Amino acid sequence: MRRPILIHPDPRLKKVAEPVPGVDDEVRVLMQDMLETMYAAPGIGLAAPQIGINARVIVMDCAPREAEPGGPEPAPKPLRLANPEIVWSSDEPVTMEEGCLSIPDIYADVTRPSAVRVRWLDETGTPQEADMTGIWAVCVQHEIDHLDGKLFIDTLGPMRRRMITEKMKKLKRERARTAADGRED
């Protein structure tokens, strides 16, 4: 089931998420709902706080979505991570343009470690550990930041952050007006 994505500013996006005690059917349903929501948005990562759930759960899929000309259709490679933690980061930085489903249509360059080792529980509750590089490393760091109450715009200067926040407040007002207009019909 698709769930609504919270838009910044929302106090739930700034809270540190609680660890899940284990992966049970409720967490598996949450993970599946998050994947459906992420793919529909469309995005490559989503953290539970972005849908108003205070839990240390993220989903991501950084696999290409479109086939190369004449090539086979790429297969999705979804990852479901409960209680993810970075246990090692490279010293080598990488700068990539990032966006966020909770801050639509805003992008900025963010510098992060180019490689990380991540430990988590998968959808069966089995402990996993993997090294991630490239877009996968950037995405998992971005999503774990959400679990710690941080947004990618927190890396920007205060003036740019204020401008983005005001733009998001305006977007939320417009969406609320549109929703209210739709209900009046």
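As a reminder, the structure under discussion sits directly above these lines.
Residues numbered from 1 in each chain as written. Predicted model: local features only at pLDDT ≥ 70, side-chain atom pairs only at ≥ 80, totals over all residues. Heavy atoms only, no water.

## Details of the sheet that holds strand 3 (residues 79-89)
Rules: DSSP-based pairing: two strands are paired if at least 2 bridges between them are found. Only DSSP runs of H or I covering at least 4 residues are called helices, and only runs of E covering at least 2 are called strands; the numbering of each starts at the N terminus. Axis geometry follows a simple rule: fit a line to the C-alpha atoms, using only the stretch in contact for helices, then measure angles between N-to-C directions, giving values from 0 to 180 degrees. Should any heavy atoms of two residues lie within 4.5 Å, those residues are counted as being in contact.
Pairing is antiparallel in the open sheet, where five strands are placed in the order 1-2-3-6-7. With one partner strand each, in any of the chains shown, strand 1 (45-47) and strand 7 (127-133) form the two edges of the open sheet. This sheet shows a mean twist of 40° between the axes of neighbouring strands, independent of strand direction. Note: strand 6 (residues 115-121) against strand 7, seven bridges, orientation antiparallel. Bridge assignment links R117 to a residue of strand 7, and that residue is D131. This element, helix 1 (residues 25-40), spans strand 1, strand 2 (57-60), strand 3 and strand 6 of the sheet and lies at about 40° to strand 2.

## A word on helix 2 (residues 134-147)
Note the cut-off: Working rule for helices: expected span equals 1.5 Å times residues minus one. The rule is simple: take the accessible area with a 1.4 Å probe, protein chains only, and divide by the maximum for that residue type; under 20% is buried, over 50% is exposed, in between is partly exposed.
The end-to-end C-alpha separation of helix 2 is 21 Å, in line with the 20 Å expected for 14 residues at 1.5 Å each. Taking burial as the measure, the 14 residues of helix 2 include eleven buried ones, the bulk of the element. Those residues of helix 2 that sit buried are A137, V138, C139, V140, Q141, H142, E143, I144, D145, H146 and L147. Count one or two residues on from helix 2 and you reach G149, which has phi positive near 75°.

## Things to note about the pattern of salt bridges
Spelled out, the test is: Any Lys or Arg side-chain nitrogen located within 4 Å of an Asp or Glu carboxyl oxygen qualifies as a salt bridge.
Throughout the structure, instances matching the rule amount to twelve salt bridges. Note that E129 and R117 form a salt bridge whose closest N and O atoms lie 4.0 Å from each other. Here R117 lies in strand 6 and E129 lies in strand 7, a separation of twelve residues in the sequence. The class for E129 is partly exposed, based on a relative accessible area of 44%. Put simply, R117, R119, E129 and D131 are held in one network by salt bridges that share partners.

## Concerning the state of the cysteines
Keep this limit in mind: Only a pair of cysteine sulfur atoms within 2.5 Å qualifies as a disulfide here.
Scanning the entire structure with this criterion turns up zero disulfides. You can see C62 has no disulfide; the closest cysteine sulfur is in C139, sitting 3.9 Å from it. Owing to a relative accessible area of 12%, C62 belongs among the buried residues under this scheme.

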